[in-house]
Amino acid sequence: DEAARKAALHVLHLDASHGPSSVIAQGANAFFAEFGKACPGMQVQHLRLWEASTREQMEYGLEHVQAKMAMLGGQGGEAEEKRFARIEQLAWQLASARGIVVSAPMWNYSVPYVVKQYFDCVLHPGLTFREMPNGKTEGLFGNGRPLVVLTSSGGSAARDHLTPWLRDVAAMAGFDQPSVVAAANVVHGERQAVIDSIACDAIAAARRFAVLATSPAETGPASPVGMPDVAKHGMEEHEDESAWEWDEEGVLGWLRSQSDLKLSEDCLESVKAARIDSEHFRQATEEDWQSDELGLEPEDITKIV
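Residues numbered from 1 in each chain as written. Predicted model: local features only at pLDDT ≥ 70, side-chain atom pairs only at ≥ 80, totals over all residues. Heavy atoms only, no water.

J.: Explain the overall build of the protein chain residue by residue, including any values.
T.: In terms of helices and strands, the protein chain carries 13 helices and nine strands. Counting every position in the protein chain, which comprises 305 residues, the buried fraction comes to 46%. Long-range contacts, defined as pairs at least 24 residues apart, comprise 77% of the intrachain contacts of the protein chain with a sequence gap of at least 6. Of the roughly 14900 Å² of accessible surface on the protein chain, a fraction of 49% belongs to carbon and sulfur atoms. (Helix = DSSP H or I, 4+ residues; strand = E, 2+ residues; numbered from the N terminus. Buried < 20%, exposed > 50% of the residue type's maximum accessible area, 1.4 Å probe, protein only. Contact = heavy atoms within 4.5 Å. Areas by Shrake-Rupley, 256 points an atom, 1.4 Å probe, with all protein chains shown as cover.)

Structure follows, in structure tokens:
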């Protein structure tokens, strides 16, 4: 219903553009300006894949693989969980999005390596998708969610491995309604004409994206799709009570995805140990968060309340 659709938390912008003055960035600006008009209450989380802090978070080596396998086998301890925490945060941010937009120029017929690195980090069974008996995959929050690819190429892009690859990997996580906005022959075209063209196409794509991003997923999610709206320094209740039916893992994963809050790892571990589900979270008072049993630092308490 309308209340459930408005309870959606965010859309995710994966930005691998060459900077704010690039053709792709101009297209993205037009896209999100139009999307903002259609969905003024929807949060856009902008993940800049070239930034050092993001690349540090995307660091994924053999030790992370070993930590993941240990946890899947029930042998993981605090060290393994801590090592994998950043990956879980990125994965949850993707898995819970109502739609994703990928801004990526074509490099050698395919994606820039940071885009490949990102999806290698976040696509894990049980974190962003589930494997079905028929051999297909399903996003943990259902399928039917939109993907928009904003891309450009210096030449004609006669060979394009970027678009089909992004369609495939995004569909694994449930983003299987793709639209492509492409600017080809950028090197040989008149710059302003290229920018005007990609902006026009981006506006049309934003209108379709807004409809799909506010529509229910095709299948039921592992946890309900709805989550409460987020204020700058905390959470606000939403009218739709079904949006709060989260178990403790859902709440923990959602908290990890809130990069603006910057909760400490000790705080998240305390929330995990206390097994706080969405009902407890909603009803907790400031005094509850200050309890000695939780042992939260004042800075974390301020961010939560």
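J.: Would you mind going over the packing of helix α6 (residues 113-122) against helix α7 (residues 162-172) in detail, with residue names and values included?
T.: Across the interface, α6 lies against α7 with an axial gap of 11 Å and an inter-helix angle of 20°. When the interaxial angle is binned, α6 and α7 end up roughly parallel. As α6 runs across α7, the sense of the crossing is left-handed. Residues Val115, Lys116 and Phe119 of α6 form the contact with α7, whose participating residues are Trp165, Leu166 and Val169. Residue composition of the contact of α6 with α7, grouped by class: five nonpolar, no polar and one charged. (Axes fitted to C-alpha atoms, helices over the stretch in contact; angles between N-to-C directions. Parallel < 35°, antiparallel > 145°, perpendicular 65-115°, else oblique. Left-handed = near helix turned anticlockwise from the far one by under 90°. Nonpolar A, V, L, I, M, F, W, Y, C, P; charged D, E, K, R; others polar.)

J.: Describe the pattern of salt bridges, with residues and values.
T.: The full count for this structure, using the stated rule, is six salt bridges. The salt bridge partner of lysine 37 is glutamate 34, with a shortest N-O separation of 4.0 Å. Of the two residues, lysine 37 and glutamate 34 are both situated in helix α2 (residues 23-38); the distance of three residues between them amounts to about one turn of the helix. You can call lysine 37 exposed: its relative accessible area is 66%. Here glutamate 34 falls in the buried class, since its relative accessible area comes to 15%. Salt bridges sharing common partners tie together Glu34, Lys37 and Arg207. (Salt bridge = Lys/Arg side-chain N within 4 Å of Asp/Glu carboxyl O.)

J.: Now, about the nonpolar core: what can you tell me, with residues and values included?
T.: Membership of the largest hydrophobic core comes to 33 residues, with the highest contact counts inside it found for Leu49, Leu94, Val115, Tyr118, Phe119, Val122 and Leu166. At the level of secondary structure, the elements contributing two or more residues to this core comprise β1 (10-15), α5 (78-95), β3 (100-103), α6, β6 (146-152) and α7. Considering each element in turn, this core owes the most residues, six residues, to α6. Sequence-distant contacts of valine 122, defined by excluding residues within four places in its chain, comprise Leu90, Ala91, Leu94 and Thr128. (Core = buried A, V, L, I, M, F, W, Y, C linked by side-chain atoms within 4.5 Å.)

J.: Now, about the packing of aromatic side chains: what can you tell me, with residues and values included?
T.: For the coordinates displayed, the defined rule picks out eleven aromatic pairs. Feature note: the residues Phe31, Phe32, Phe35 and Phe209 constitute an aromatic cluster, connected by ring pairs. A cation sits over an aromatic face here: arginine 145 above phenylalanine 175, 4.3 Å from the ring centre. (Phe/Tyr/Trp six-rings, centres within 6.5 Å; stacked < 30°, edge-to-face > 60°. Lys NZ or Arg CZ within 6 Å of the ring centre and 35° of its normal.)

J.: If you had to explain the sheet that holds β1 to someone new, which residues and values would you point to?
T.: Reading across the sheet, the five strands line up as β2-β1-β3-β6-β7 and stay open at both edges, with parallel pairing between neighbours. Whereas interior strands pair on both sides, the edge strands pair on one side only; in this sheet they are β2 (43-48) and β7 (177-183). With strand direction ignored, the average angle separating the axes of adjacent strands in the sheet is 15°. Across the face of the sheet, α2 comes into contact with β1, β2, β3, β6 and β7 while running at roughly 150° to β6. (Pairing = 2+ DSSP bridges.)

J.: Give me the lowdown on the side chain of serine 103, citing residues and values where you can.
T.: By the secondary structure assignment, serine 103 is in strand β3. Among residues more than four places away in sequence, those in contact with serine 103 are His13, Leu14, Asp15, Ala16, Ser17, Ile24, Ala28 and Leu150.

J.: Describe in detail unusual backbone geometry, supporting the description with residues and values.
T.: If you check the backbone angles, asparagine 185 has positive phi at about 55° while not being a glycine. Relative to the elements of secondary structure, asparagine 185 occurs in the loop between β7 and α8 (191-213). Phi is positive for arginine 275, close to 55°, though the residue is something other than glycine. As for its position among the elements, arginine 275 is in the loop between α10 (265-274) and α11 (278-283). Overall, the relative accessible area of 54% leaves arginine 275 in the exposed class.

J.: Would you mind going over the pairing of β3 in detail, with residue names and values included?
T.: A two-sided burial pattern is seen for β3, the buried positions comprising Ile100 and Val102 on one face and Val101 and Ser103 on the other. Strand direction decides the pairing type here: β1 and β3, joined by four bridges, are parallel. Pairing of leucine 14 across the sheet is with valine 102, part of β3. Here β3 pairs with β6 via four bridges, running parallel.

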